[in-house]
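Chain and residue survey
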Number of protein chains: 2
Amino acid sequence: MRHLYHYWFCPNSRKVRISLLEKSMDCELILELPWKRRHEFLTLNPSGSVPVLVEDDDLILSGTSAICEYLEETGNLPNFLGKTPTIRGEVRRLSEWFDSKFYNEVTNLIINEKVMKGFLRRGNTQAANIRFAGQNIKHHLKYIEYLTDRRNWLAGSEFSYADISAAAQISCVDYFGDVPWNNFPLAKDWYARIKSRPSMQLILKDKIAGLTSASYYRDPDF
Amino acid sequence: MRHLYHYWFCPNSRKVRISLLEKSMDCELILELPWKRRHEFLTLNPSGSVPVLVEDDDLILSGTSAICEYLEETGNLPNFLGKTPTIRGEVRRLSEWFDSKFYNEVTNLIINEKVMKGFLRRGNTQAANIRFAGQNIKHHLKYIEYLTDRRNWLAGSEFSYADISAAAQISCVDYFGDVPWNNFPLAKDWYARIKSRPSMQLILKDKIAGLTSASYYRDPDF
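Residues numbered from 1 in each chain as written. Chains lettered and ligands numbered in written order. Predicted model: local features only at pLDDT ≥ 70, side-chain atom pairs only at ≥ 80, totals over all residues. Heavy atoms only, no water.

1. As for the confidence of the model for chain A
Of all residues in chain A, 100% have pLDDT values of 70 or greater, and the mean over the chain is 96. Quick note on the complex model: pTM equals 0.96, ipTM equals 0.95. (pLDDT = per-residue confidence, 0-100.)

2. Section: the domain arrangement of chain A
Residues and elements named next belong to chain A. Taken domain by domain, chain A comprises domain 1 (3-74) and domain 2 (85-203). Here domain 1 and domain 2 have C-alpha centroids that lie 20 Å from each other. Taken together, the contacts link 18 residues of domain 1 with 25 residues of domain 2. Across the domain 1/domain 2 interface, buried area totals approximately 1,900 Å², and carbon plus sulfur atoms make up 67% of it. The tally of links from domain 1 across to domain 2 stands at 3 salt bridges. The partner of E69 in a salt bridge is R92, and the shortest N-O contact between them spans 2.7 Å. Along the contact surface separating domain 1 from domain 2 lie 8 residue pairs in polar contact (both at pLDDT 80 or more). For the side of domain 1 that touches domain 2, the secondary-structure elements that each account for two or more residues are α1 (11-22) and α3 (64-74). For the side of domain 1 that touches domain 2, the per-class residue count stands at 9 nonpolar, 2 polar and 7 charged. (Domains from an automatic or database assignment. Contact = heavy atoms within 4.5 Å. Buried area = accessible area lost by both parts, 1.4 Å probe. Salt bridge = Lys/Arg side-chain N within 4 Å of Asp/Glu carboxyl O. Polar contact = N/O pair within 3.5 Å; in protein donor to acceptor, adjacent residues only side chain to side chain. Helix = DSSP H or I, 4+ residues; strand = E, 2+ residues; numbered from the N terminus. Nonpolar A, V, L, I, M, F, W, Y, C, P; charged D, E, K, R; others polar.)

3. Section: the relation of the copies chain A and chain B
Once chain A has been moved 0.0 Å along the axis and rotated by 180 degrees, it coincides with chain B to within an RMSD of 0.0 Å. Classification of the inter-copy transformation places it as that of a two-fold axis. Counting the interface residues of chain A, we find that 100% of their copies in chain B are interface residues as well, pointing to one common contact surface. (Least-squares fit on C-alpha atoms with pLDDT ≥ 70 in both.)

4. Re helix α5 (residues 127-150) of chain A
Residues and elements named next belong to chain A. Between its first and last C-alpha, α5 extends 36 Å over 24 residues, near the 34 Å set by a 1.5 Å rise per residue. Every buried residue of α5 is accounted for by A133, N136, I137, H140, L141, Y143, I144, E145, L147 and T148. Taken together, the buried residues of α5 touch α4 (85-119), α6 (161-174) and α7 (185-195). (Expected span 1.5 Å × (residues − 1). Buried < 20%, exposed > 50% of the residue type's maximum accessible area, 1.4 Å probe, protein only.)

5. Details of the side chain of S213 of chain A
All names here are of chain A. As for its position among the elements, S213 is in the segment after α8 (198-203). Accessibility expressed as a relative area gives 13% for S213, which makes it buried. Ignoring sequence-local partners within four residues, the contact set of S213 consists of Y175 and K207.

6. Considering the pattern of salt bridges
Counted according to the given criterion, the structure contains 34 salt bridges over all chains. Across the pair K101 of chain A and E105 of chain A runs a salt bridge whose closest N-O atoms are separated by 3.1 Å. Of this pair, K101 of chain A and E105 of chain A are both found in helix α4, 4 residues apart, which corresponds to roughly one turn of the helix. With a relative accessible area of 26%, E105 of chain A lands in the partly exposed category. Residue E32 of chain B is joined to R38 of chain B by a salt bridge in which the shortest nitrogen-to-oxygen separation is 2.7 Å. Residue R38 of chain B is classed as partly exposed on the basis of its relative accessible area of 33%. Connected through shared salt-bridge partners, E69, E73, R88 and R92 of chain A together with E69, E73, R88 and R92 of chain B make up one network.

7. What about the packing of aromatic side chains?
For the coordinates displayed, the defined rule picks out 36 aromatic pairs over all chains. Consider the rings of Y7 of chain A and W8 of chain A, whose centres lie 5.2 Å apart with planes at 45 degrees: the pair is tilted. You can call Y7 of chain A buried: its relative accessible area is 5%. For the ring pair W181 of chain A and F222 of chain A, a centre distance of 5.5 Å and an interplane angle of 80 degrees mean the geometry is edge-to-face. Of this pair, W181 of chain A sits in the loop between α6 and α7 while F222 of chain A sits in the segment after α8, and the two are 41 residues apart along the sequence. Aromatic rings pair up to connect W181, W190, Y191, Y216 and F222 of chain A into one cluster. The cationic tip of R193 of chain B hangs over the ring face of W153 of chain B; the distance from NZ or CZ to the ring centre is 4.3 Å. (Phe/Tyr/Trp six-rings, centres within 6.5 Å; stacked < 30°, edge-to-face > 60°. Lys NZ or Arg CZ within 6 Å of the ring centre and 35° of its normal.)

8. Examining the nonpolar core
F9, L154, W190 and Y191 of chain A are the most contacted members of the largest nonpolar core, which totals 68 residues. Among the elements that take part in this core, α4 of chain A stands out by supplying 11 residues, more than any other. Of the domains in this structure, domain 1 (3-74) and domain 2 (85-203) of chain A are the two that each give at least three residues to this core. If you look at the next biggest cluster of nonpolar residues, it comprises 67 residues, including M25, L94, I164 and C172 of chain B. (Core = buried A, V, L, I, M, F, W, Y, C linked by side-chain atoms within 4.5 Å.)

9. Brief notes about the sheet that holds strand β3 (residues 52-54) of chain A
Residue and element names in this part refer to chain A. Judged by pairing direction, the sheet is mixed, and its 4 strands sit side by side in the order β2-β1-β3-β4 without closing on themselves. The open sheet has two edge strands, β2 (28-31) and β4 (60-62), and neither has a second partner. Each neighbouring strand pair of the sheet contributes to a mean axis angle of 20 degrees, computed without reference to strand direction. Taken strand by strand, α3 contacts β3 and β4, and its axis lies near 125 degrees from that of β4. (Pairing = 2+ DSSP bridges. Axes fitted to C-alpha atoms, helices over the stretch in contact; angles between N-to-C directions.)

Below, the structure written as structure tokens:
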């Protein structure tokens, strides 16, 4: 059985989980706490990061793009990269945008402060980081509005890895109610469509005991 | 004519330049200073980062993986991703390792301190960052030694994007003599083979007036 080492608030793990669900590919989830630096896990992925996918034939895959490109090459349809090199260029550009730029400017700051420091008590919280993430997310939501005003989905007419990447990041931040949806109605409409997908409904079922999620976190009609 | 917006010490720009040279694909270089946030450049890439590739048909590509995957799908041979999904998984895993992990733990710290702050006077330098990068690079060189002790090139028997990604990062750091080559002979041997390639010889020709490079920076026999 295929299995995926993941962590609740790791957006890259969520990206792979959404992709597997959308492709109806069975997978057993194994919760890995990367900061423990377990020896057995480091032998699977020396970088020490999740997600790590282990295929039925024991092939080990790590690196989020590496995993998603592999799923695209060998896994079930539908295809989330797009049909032409030009569309794939746009899908990959936006996937990098969210996997990297949004992650560094928003998700990583929020998760580090609210989960790693606040909940797991690994260091002292710094309110300035949360404020900084709160400023940054507005630019990203504005960009999502720019895109969805012109296109059905973020990278074009089809649902793609661009949407999956963005939803994976945003869902981690939205757990804490840190997305100012009411000021960005087009972005809210896009995310409502994402939330109504069965794949996303399953992802949003995860709740962490002792860490309250925003009341509307799971609700597609928010 | 295809053109590439790049910046001297941007490892991602170097990665695309090496790829284009290795594939014998002509390209005009345009130097872009991303921190200027030029309006015309932001219309090409709203994220504001280099590299940006503009193709003959005016197709605009940004995001390093997006550009390299596009070159692989539409550009000249040779192929640098590998022939099977399994090999491509390994090439992409290691490319992400260097593009992201090595960049965050080493290159970004060195370039930020020595170029952005030291040379361009954009902020006060912090010696602790350079020491931290100096510690981190040892782990990466050790990993390069682990890989090259078992394989001809980093991801397997063929020269690949894994080698190009690693060389692009390391060359930026090596400009300042910040790579402790003598303690890592296998890594040194691998980099000597990279340096002797005509593509890399061209990249290493770039020198910045007023910013002295290490004496052996260009020499394949160092």
